[in-house]
Amino acid sequence: MTAMTPSSMNARPLLNRRLAEFGTTIFAEMSALAVRTGAINLGQGFPDTDGPEEVREAAVRALRDGRGNQYPPGPGVPELRTAVAEHQLRHYGLAYDPDREVLVTAGATEAIAASLLALVEPGDEVIALEPYYDSYAASIALAGGTRVPVTLRPRDGRFVLDLDELRDAVTPRTRLLLLNTPHNPTGTVLTREELAEIAKLAVERDLLVVTDEVYEHLVFTDETDGTTPAHLPLASFPGMRERTVSIGSAGKTFSFTGWKVGWVTSTPELVAAVRSAKQYLTFVASGPFQYAVAEALALPDSYFTSFREDMRAKRDLLSAGLTAAGFEVYRPAGTYFITTDIRPLGADRSGGGDGFAFCRALPERAGVVAIPNAVFYDHREAGAPFVRFAFCKRTEVLADAVDRLKAL
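Per an unreviewed UniProt entry, the chain goes by the name Probable N-succinyldiaminopimelate aminotransferase DapC and belongs to Streptomyces aurantiacus JA 4570. In its Catalytic activity (unreviewed entry) section, the UniProt record describing the chain reads: "N-succinyl-(2S,6S)-2,6-diaminopimelate + 2-oxoglutarate = (S)-2-succinylamino-6-oxoheptanedioate + L-glutamate". For the chain, the Subunit (unreviewed entry) comment in UniProt is given as "Homodimer."

In structure tokens:
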């Protein structure tokens, strides 16, 4: 008797058609290439050292004390929700009720997915700034929404948002704006003027906004006098608190990306909606780590300053090395990524401006791994010549990478 297989029982492809365009991520491919070639992996954005020792010890203490070893409360442990609310007030002057306006998630990725699943229905349009973090597209697809990219384009050393193009992208079907600032992968930080125009548009057209702010403490250019935070949450602009879902994460700020602790802050109604979706994803996660992150958020200002200045120095080291190697470098105003244009290397060395071909050849040529930015675009041709490098690595590793890149 012939065994039945899923394909013989049902000719329809096994993978949900909403996910058909999403295969294995480029990060998995390039990380495997780094292992196979012994190259320095400046592709995937995770640090190669742990964060503060006192925060790690707080997690150990929670484990030993039996805090979080069983299911934590669905919205998150009270200590962390209170710490998140205090963080928002301390840094941005935004007051949130920790019991009704804060939700703890399994990292920012789940926060994004839960927000879109909760707030978007089939037929709704979601505007995202292109290039965008790859989970945005998958989450919009899972929600049944339609992705509408608005492209950031290089100008005067940074990637710039065309506000007229953003306004023109809004239609009667637009439900939500999905923003990321500081922006991965370009390193752009939206200015006060740009954010004010976005806020005005959202209010005029009655749009919801989801803001991914995981790099909030990695802003290197400060437009302020030092008394106002360099990162400007969109929720702090007039008319925006009641329509904005703000997303933060411990992974990028405290260098514990494996803990997967993120959070949402918003109105009680929006938080309740996101929680309704989140409870059917992970339900809860990261119990003992939630207690540790609560302590991390209360670290003194000196920690956040030192963290930012350390990353600034690493940015400058790698930027200089990439420039010397022949790349056009867009020095980031935020995040821990540098976007480069490979075309100045020449057609032969840049693979004809094809970022995929360049990144697949780079480990053998120079012993370094990077990521082609085209994977973050719907309009692949717009991202074709751009390549992203991560600088959240030890200084000696970056120095080694700079030496290797001289081979180009």
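Still more ground to cover, so stick around.
Caption draft 1: Broad picture of the domain arrangement of the chain. Taken domain by domain, the chain holds domain 1 (17-46 + 302-406) and domain 2 (53-299). For domain 1 versus domain 2, the separation of C-alpha centres amounts to 24 Å. At the junction of the two partners, domain 1 supplies 32 residues and domain 2 supplies 43 residues. Around 3,200 Å² of area is buried between domain 1 and domain 2 when both sides are counted, 63% of it from carbon and sulfur atoms. When the area that domain 1 buries against domain 2 is broken down by residue, the three leading residues are Phe304, Thr335 and Phe376, summing to 21%. Where domain 1 touches domain 2, the interface holds two salt bridges.

Caption draft 2: Quick look at helix α4 (residues 78-92). Over its 15 residues, α4 extends 21 Å from the first C-alpha to the last, a length consistent with the 21 Å expected when each residue adds 1.5 Å. Burial in α4 covers these residues: Leu80, Arg81, Ala83, Val84, Ala85, His87, Gln88, His91 and Tyr92.

Rules of the game
Residues numbered from 1 in each chain as written. Predicted model: local features only at pLDDT ≥ 70, side-chain atom pairs only at ≥ 80, totals over all residues. Heavy atoms only, no water. UniProt positions renumbered as here; feature names shortened; annotations may be inferred. Domains from an automatic or database assignment. Contact = heavy atoms within 4.5 Å. Buried area = accessible area lost by both parts, 1.4 Å probe. Salt bridge = Lys/Arg side-chain N within 4 Å of Asp/Glu carboxyl O. Helix = DSSP H or I, 4+ residues; strand = E, 2+ residues; numbered from the N terminus. Expected span 1.5 Å × (residues − 1). Buried < 20%, exposed > 50% of the residue type's maximum accessible area, 1.4 Å probe, protein only.

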